[in-house]
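Breakdown of the fold
The lines below spell out each chain.
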Amino acid sequence: MIKVYTIGGYEEVGKNMTAIEYENEIIIIDMGIRLDRVLIHEDVNFQQMSSRDLRKLGAIPDDTSIRNKKVVAIALSHGHLDHIGAIAKLAPHYSNVPIYGTPYTIKLAKGEVRSEQYFEVTNPMYETQYGEIVQVSENLAIEFVQITHSIPHSSMVVIHTPEGAVVYACDYKFDNHNPLGEKPDYKRLKEIGQEGVKILIPESTRVAEQTKTPSEASAKLLLEDFFYYEGMEEKGLITTTFASHIARLQELIEIANNMGRQAVLIGRSLAKYTGIAKQLGLIKMKGAKAVRSPAAVQKTLREVSQARENYLLIVTGHQGEPGAILTRMASGELYDIGKNDTVVFSAGVIPNPLNIAQRYALETKLRMRGVRMVKDLHVSGHSSREDHRYLIKLLNPENIIPAHGEFRMLTYYAELAEEEGYLIGRDVFVSRNGYKVDVR
Ligand SMILES: [Zn+2]
C-alpha cells in the first residue's frame, strides 16, 4: 500500500507539499509558501518567523502529520516559491534528511536557506541531473524527468516503489517549441507509463481551460509583434514579467538588442534569478545589465529618464506587489513615469483576490499618470485540459490524486479523469490539506 499525504496545495494555489509513504518510509515532495498570506500582514518579516507562526498564518504547509515519521528524502520539483519557499522553515524539522532537485532548483533553494534568519538549515542538498535515478532507501528511488514550465530545469518527480511509480506533475505544460530549446522528455514518460504508474499527482490549476496551453514561442511572437513595427515612436518602454521566467527575459533582451536599445533589468529578484541562470549558462545577458542595489537603481533610473528612447526597462511588479519597482514608479517614486512611457505587462494576473486588488491599484495609478498600457502579452506555464489528457495517455496511471488547486479546480480535474474512464472514489481521489489517501 502507498499512502499519499496531501499536506499543502490541495485547497489553494500555493504552499505545495505532498508526502509519499511506502512501508513506513517517506519521501516529501516540495515545501512551498503561500505568499499572499504573508503579504496581507504589512509588519511580517518572513525570514525572522518560526514555522509555527507561519503555519498559523496559513503561509506554509502544516506538516505536523508526518513530523514523527521516518522521512528518507526531500525532492523539489522546480524553483518557484510555491514549491520551495518553505524549505528553510520546514527542512530543519527533518534534520540531515537530504534534499534533491535539478541544478537551478537547488541553487535557488540554497538562496532561500542563506537568507533564512530564524532556523539553521543543515540538510545536505544535492544537484541531480535529469534521468539520474537516486536510490534513497532499499525500496525507494527518486528520478527527475525533464518537462517544460515557466522556469528552467522544471521536472516531474518520479518516486519508484516496488508497487510502481508515483508521478508528481506539478507544474508543467507540454511545450513543443520552447525558444530555450527545453523539451518534455516524452520518451522517458512513455517508458515510465509502460513500467507501470501506480499514482499520478497532477496540477489542476488550469484544467478548466478547454485547450492545450500555447508554447512559449507564442509569447515570443506576441512580444515581437508588438515591439517591431515601422514608425515605433515610443520613448519610454517598460516591461514587467516574472523574475524567474528566464525564457521570457531572454526574449525581451533579444528584442531590446534588435531595437538598438539596452535592456536594463531592475529589481532584486530579477538580479537573483538571472544571476543564477547565467552561472548555469541558461541565459545570455549580452547587451543587457541587471541592477539591484538601491543606490544603483536610483542612479540607473536617473540616466534612463534622460534618454528613454535608448532603453528597454524590465522591472519587477507585474502583480502590483508592494515594494516592487513598477509599484513604486506608479506611486511617483524612483522615476517620473508618465505620458512618455508605455508599460507592457508580459504576465497575467494571478487569480487571487489580493493580486487582483493590487494590480487594480497599480493600473489605476499608472492610468492617472497618463501611462499607456499593453496587457497580456503572455502565455501560461501551466497545463490546460488537453495537456492533461496527453499526460494521462502517456502514463496510463492506475490512480489519480489531483493537486495544486482550490477545491473546484481539483473537481474539474476529476471530471476530466472521468472522461478518460476513471471514477471518482474508485481511482480518482479529491483530497484536502492535512488528509491522507491510502492507495492499495
Ligand atoms: Zn511553478
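Residues numbered from 1 in each chain as written. Predicted model: local features only at pLDDT ≥ 70, side-chain atom pairs only at ≥ 80, totals over all residues. Heavy atoms only, no water.

**Some words on empty space enclosed by the protein**
Under the definition given, this model contains two cavities of 30 Å³ or more. Lining the largest cavity are 15 residues, and of these His149, Ser150, Asn178, His245 and Ala247 lie nearest its centre. Of the pockets and cavities examined, the second largest cavity occupies roughly 50 Å³. Lining the second largest cavity are Phe46, Gln47, Gly85, Ala88, Lys89, Glu112, Ser115 and Glu116. A per-class count over the lining of the second largest cavity returns two nonpolar, three polar and three charged. (1 Å grid on protein atoms, 1.4 Å probe; cavity = no way out; pocket = protein on both sides within 12 Å on 5 of 7 lines; lining within 4 Å. Points joined across faces, edges and corners; volume = space filled by probe spheres on them. Nonpolar A, V, L, I, M, F, W, Y, C, P; charged D, E, K, R; others polar.)

**A few points about helix α13 (residues 385–395)**
Of all 11 residues in α13, eight are buried; the element is thus mostly enclosed. For α13, every residue scored as buried is listed here: Arg385, Asp387, His388, Arg389, Leu391, Ile392, Leu394 and Leu395. Here the buried face of α13 lies against β9 (155–161), β10 (164–169), α6 (186–195), β11 (197–202), β18 (399–400) and α14 (407–419). One or two positions beyond α13, positive phi appears at Asn396, with a value near 45°. (Buried < 20%, exposed > 50% of the residue type's maximum accessible area, 1.4 Å probe, protein only. Helix = DSSP H or I, 4+ residues; strand = E, 2+ residues; numbered from the N terminus. Contact = heavy atoms within 4.5 Å.)

**Overview of the UniProt feature "binding site: Zn(2+) 2" (unreviewed entry) in the protein**
The feature "binding site: Zn(2+) 2" (unreviewed entry), as annotated in UniProt, sits at Asp82, His83, Asp171 and His404 in this numbering. A maximum C-alpha distance of 10.4 Å places the annotated residues, which cover 323 residues in sequence, within one compact spot. In contact with Asp171, other than residues within four places in its own chain, are His78, His80, His83, Ile147, His149, Glu203, His382 and His404. A polar contact is formed between the side chain of Asp171 and the side chain of His83, at a distance of 3.2 Å. Residue placement: His404 occurs in the loop between β18 and α14. Separated by 2.9 Å, the side chains of His404 and Asp171 make a polar contact. (UniProt positions renumbered as here; feature names shortened; annotations may be inferred. Polar contact = N/O pair within 3.5 Å; in protein donor to acceptor, adjacent residues only side chain to side chain.)

**Examining the coordination of the zinc ion**
For the zinc ion, every protein donor is listed as His78 (NE2), His80 (ND1), His149 (NE2) and Asp171 (OD), and the spread of their distances is 2.2 to 2.3 Å. Between the four donor atoms coordinating the zinc ion, the angles at the centre fall across 93 to 166°, so the site counts as irregular. Read in sequence order, the donor residues coordinating the zinc ion give the pattern H-x1-H-x68-H-x21-D. Of this pair, His149 sits in the loop between β8 (141–146) and β9 while Asp171 sits in the loop between β10 and α6; the two residues are 22 residues apart in sequence, bridging distant segments of the chain. Across the pair, Asp171 and His149 agree in class, each one buried. (Donors = N, O, S within 2.8 Å, 3.2 Å for Na, K, Ca; no water. Tetrahedral: all angles 85-135°; square planar, octahedral: opposite > 155°, others 65-115°.)

**A short note on helix α9 (residues 268–279)**
For α9, which comprises 12 residues, the first-to-last C-alpha distance of 17 Å matches the rise-based estimate of 16 Å (1.5 Å per residue) to within 8%. Where α9 is concerned, the buried positions are Leu270, Ala271, Tyr273, Thr274, Ile276 and Ala277. Each element contacted by the buried residues of α9 is listed here: α3 (81–84), α5 (103–115), α8 (246–259), β13 (262–266), β14 (288–291) and β15 (311–315). Residue Gly281 follows α9 closely and has a positive phi angle near 70°. (Expected span 1.5 Å × (residues − 1).)

**A few points about the nonpolar core**
By size, the foremost hydrophobic cluster in this structure holds 61 residues, and its most contacted members are Ile28, Met31, Ile66, Tyr104 and Phe227. Counting residues per element, this core draws most heavily on α8, at six residues. Met31 has contacts with Asn16, Met17, Ile74, Leu76, His83, Ile84, Gly85, Ala86, Ile87, Leu90, Ala91 and Tyr94, leaving out every residue within four places of it along the chain. (Core = buried A, V, L, I, M, F, W, Y, C linked by side-chain atoms within 4.5 Å.)

**Section: unusual backbone geometry**
Geometrically, the link from Cys170 to Asp171 is a cis peptide bond, its omega value of 5° lying close to zero. A positive phi angle is found at Glu23, which is not glycine, with a value near 45°. Judged by its relative accessible area of 55%, Glu23 falls in the exposed class. Non-glycine residue His153 carries a positive phi angle of around 60°. As for its placement among the helices and strands, His153 is situated in the loop between β8 and β9. Among the residues examined, His153 registers a relative accessible area of 15% and is labelled buried.

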